[in-house]
Amino acid sequence: MPTCTLDELTRLATKALQHAGASHSAATAAAQALVAADAQGLASHGVSRIPQYTTFLRNGRTDTSAVPRIVQSKGGSCLVDAHSGMAYEACALATQTAITRAREFGIACAGVTNSNHFGAAAVHLERIGQAGLVGLAFSNSPAAMPAWGGKTALFGTNPVAAIFPRRDADALLIDLALSEAARGKIMLAAKEGRPIPPGWAVDKDGQPTTDAKAALAGSMLPVGGVKGAMLALMVELLAVALTGAAFGFEADSFFADAGNQPRLGQLFLVIDPGALAGSDRYFSRIETLIAMMLQDEAVRLPGERRRALLAAATRDGVVVPDALFRQITTLAAGAG
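The numbering scheme is per chain: residues are counted from 1 as the chain's sequence reads. A pLDDT threshold of at least 70 governs which residues receive local features in this predicted model, and a stricter bar of 80 or more applies before side-chain atom pairs are shown or counted, although totals over entire chains, interfaces and linings include all residues. Side-chain metrics in this entry use all non-hydrogen atoms of the structure; hydrogen atoms and water are not considered.

1. Section: the overall build of the protein
On a plain count of helices and strands, the protein comes out with 11 helices and 14 strands. Principal-axis analysis of the C-alpha atoms gives the protein an extent of 55 × 45 × 45 Å. Across the 336 residues that make up the protein, the buried fraction comes to 51%. The contact definition used throughout considers only heavy atoms, calling two residues in contact when any of these lie within 4.5 Å. By sequence separation, contacts in the protein at least 24 residues apart represent 67% of the contacts at least 6 residues apart. Residue-level accessible areas treat just the shown protein chains as cover; the underlying method is Shrake-Rupley with a 1.4 Å probe. As displayed, the protein offers around 15100 Å² of accessible surface, 56% of which is attributable to carbon and sulfur atoms. By definition, any uninterrupted DSSP run of H or I lasting at least four residues is a helix, any uninterrupted run of E lasting at least two residues is a strand, and each is numbered from the N terminus. Residue exposure (1.4 Å probe, protein chains only): buried if accessible area is under 20% of the type maximum, exposed if over 50%, otherwise partly exposed.

2. A look at the packing of aromatic side chains
Side-chain rings of Phe, Tyr and Trp, where Trp is taken by its six-membered ring, are said to pair if the distance between their centres is within 6.5 Å; with planes under 30 degrees apart they count as stacked, over 60 as edge-to-face, and otherwise as tilted. For the structure on display, the rule yields 4 aromatic pairs. A ring pair is formed by Phe56 and Phe254, whose centres lie 6.4 Å apart and whose planes are at 35 degrees; its orientation type is tilted. With Phe56 in helix α3 (residues 50-59) and Phe254 in the loop between α8 (226-241) and β13 (264-271), this residue pair connects regions lying 198 residues apart in the sequence. The class for Phe254 is buried, based on a relative accessible area of 7%. Aromatic pair Phe247 and Phe249: ring centres 5.7 Å apart, planes at 5 degrees, arrangement stacked. Taking the relative accessible area as the measure of exposure, Phe247 reaches 26% and is therefore partly exposed. Given a relative accessible area of 48%, Phe249 falls into the partly exposed group. Sitting over a ring, as applied to charges here, requires NZ of Lys or CZ of Arg to be within 6 Å of the ring centre and within 35 degrees of the ring normal. Directly above the aromatic system of Phe56 lies the positively charged group of Arg61, at a separation of 4.5 Å from the ring centroid.

3. Concerning the sheet that holds strand β4 (residues 107-115)
We call two strands paired when DSSP finds no fewer than two bridges between them. With respect to topology, 7 strands assemble into an open sheet ordered β2-β3-β4-β13-β5-β8-β9, the strand pairing being mixed. The open sheet is flanked by β2 (69-74) and β9 (172-176), the only strands paired with a single partner. Looking at each pair of strands side by side, their axes are set apart by 10 degrees on average, direction ignored. Pairing geometry for strand β8 (residues 160-164) and β9, over 5 bridges, is antiparallel. Of the residues in β9, the one forming a bridge with Phe164 is Leu172. Each axis is a line fitted through C-alpha atoms, taken for helices only over the stretch in contact, and angles between the N-to-C directions span 0 to 180 degrees.

4. Concerning the nonpolar core
Generally speaking, a soluble globular protein has its nonpolar side chains buried in company with each other. In this text, buried Ala, Val, Leu, Ile, Met, Phe, Trp, Tyr and Cys residues form a nonpolar core when linked through side-chain atoms within 4.5 Å. In this structure, Leu9, Leu17, Val47, Ile50 and Met86 are the most contacted members of the largest nonpolar core, which totals 34 residues. Counting residues per element, this core draws most heavily on helix α2 (residues 24-39), at 9 residues. With residues up to four places along the chain from it excluded, the contact list for Val47 reads Leu9, Ala13, Leu34, Val35, Asp38, Leu324 and Ile328. If you look at the next biggest cluster of nonpolar residues, it comprises 26 residues, including Ala108, Val112, Ala121 and Ala122.

5. A few points about α8
Over its 16 residues, α8 runs 22 Å from end to end, which matches the ideal 22 Å to within 8%, given 1.5 Å per residue. Along α8, the residues classified as buried are Gly228, Ala229, Ala232, Val235, Glu236, Ala239 and Val240. Within α8, the buried residues cover an arc of 120 degrees as seen down the axis, which keeps them to one side. Opposite its buried face, α8 presents the exposed residues Lys227 and Ala241, each directed more than 90 degrees away. If you follow the buried residues of α8, they end up packed against β5 (134-139), β6 (145-146), β7 (153-155), β8 and β13. By this rule the span expected of a helix is its residue count minus one, scaled by 1.5 Å. Each C-beta atom gives one direction from the helix axis, and the arc is the one those directions make.

6. With respect to the side chain of Glu126
Take Glu126: it is sitting in helix α5 (residues 126-130). Apart from residues no more than four positions distant in its own chain, Glu126 is found in contact with Gln40, Ile163, Leu173 and Arg307.

7. Some points on the pairing of β2
With 5 bridges joining them, β2 and strand β3 (residues 77-81) adopt antiparallel strand pairing. From the neighbouring strand, Gln72 faces β3, where its bridge partner is Leu79. A loop of 2 residues connects β2 with β3, the two strands running antiparallel in sequence, and Gly75 in this loop sits at a positive phi of about 55 degrees.

8. A short note on the pattern of salt bridges
Any Lys or Arg side-chain nitrogen located within 4 Å of an Asp or Glu carboxyl oxygen qualifies as a salt bridge. Counted according to the given criterion, the structure contains 7 salt bridges. Arg306 is the partner of Asp175 in a salt bridge, and the nearest nitrogen-oxygen pair spans 3.1 Å. Residue Asp175 is found in strand β9, and its partner Arg306 is found in helix α10 (residues 304-316); the two are separated by 131 residues along the sequence. The buried category is assigned to Arg306, whose relative accessible area is 13%.

Take a look at the structure:
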């Protein structure tokens, strides 16, 4: 399997998306986020998505002419319309605007509507942490999980993420889907013909399955049972009711080439610690907790593994499966 530097992989991904019709800015924003996910060990949200994205760009599920715009603004809040384009450029506009407004108002909320698959949630929070601010991200996704007690998939896997900056160390970075496993992991297993662990999903008849393809045709199971299902409901409401986006059951699956424009929603909250107890107190309190956590040698701080993988990938590059590398190279040459 070939090993690519992060710059090489970003160039290939950008070219592939541009050949499919994306603008340079939209393609660049998406490519950088996908490669960042690969570098952090999140292959299911990395360049493995390029074939899917290029198909959506070509068949109209993603609008190639979309330019994200702020369409609503009040105090520390704003709403960005992605106009059914790729999510990354719209999310960058939302988070950068939220950073600026959080510095002014102490807290900011930025929503994104008419959006798309936005990859690894925590990648969008990096710039917030670098600004010394606390950030939270929420997104809905096409229906994959039923409401608790139901059989029909209504909610997506609905990822949530948070970043908590530290004064002289890497930020704490928390990122999780509200299904027992991210659906992208099942998609990757289906592509590679691998089984999935028990407890991740049920088939279309509601029966437990370890067959990845049967799982994609069925429903995901929520993490933590009823508690995970309630959290998924909360995220659906935050990402959709506040932004006017489409609910998960209104968006066609990402795993089918044909379908509607998903029109998903994302929501970002940004908090300036200086507006509350003050930055010094915030940094002191977070280090007190971390010191207590690390007294147990088995504890690993959230985000620690990702940082280590990113450092290794920056130094050594990332390994791309042969078939995927050939596919992306073909797409980058405009021959896909």
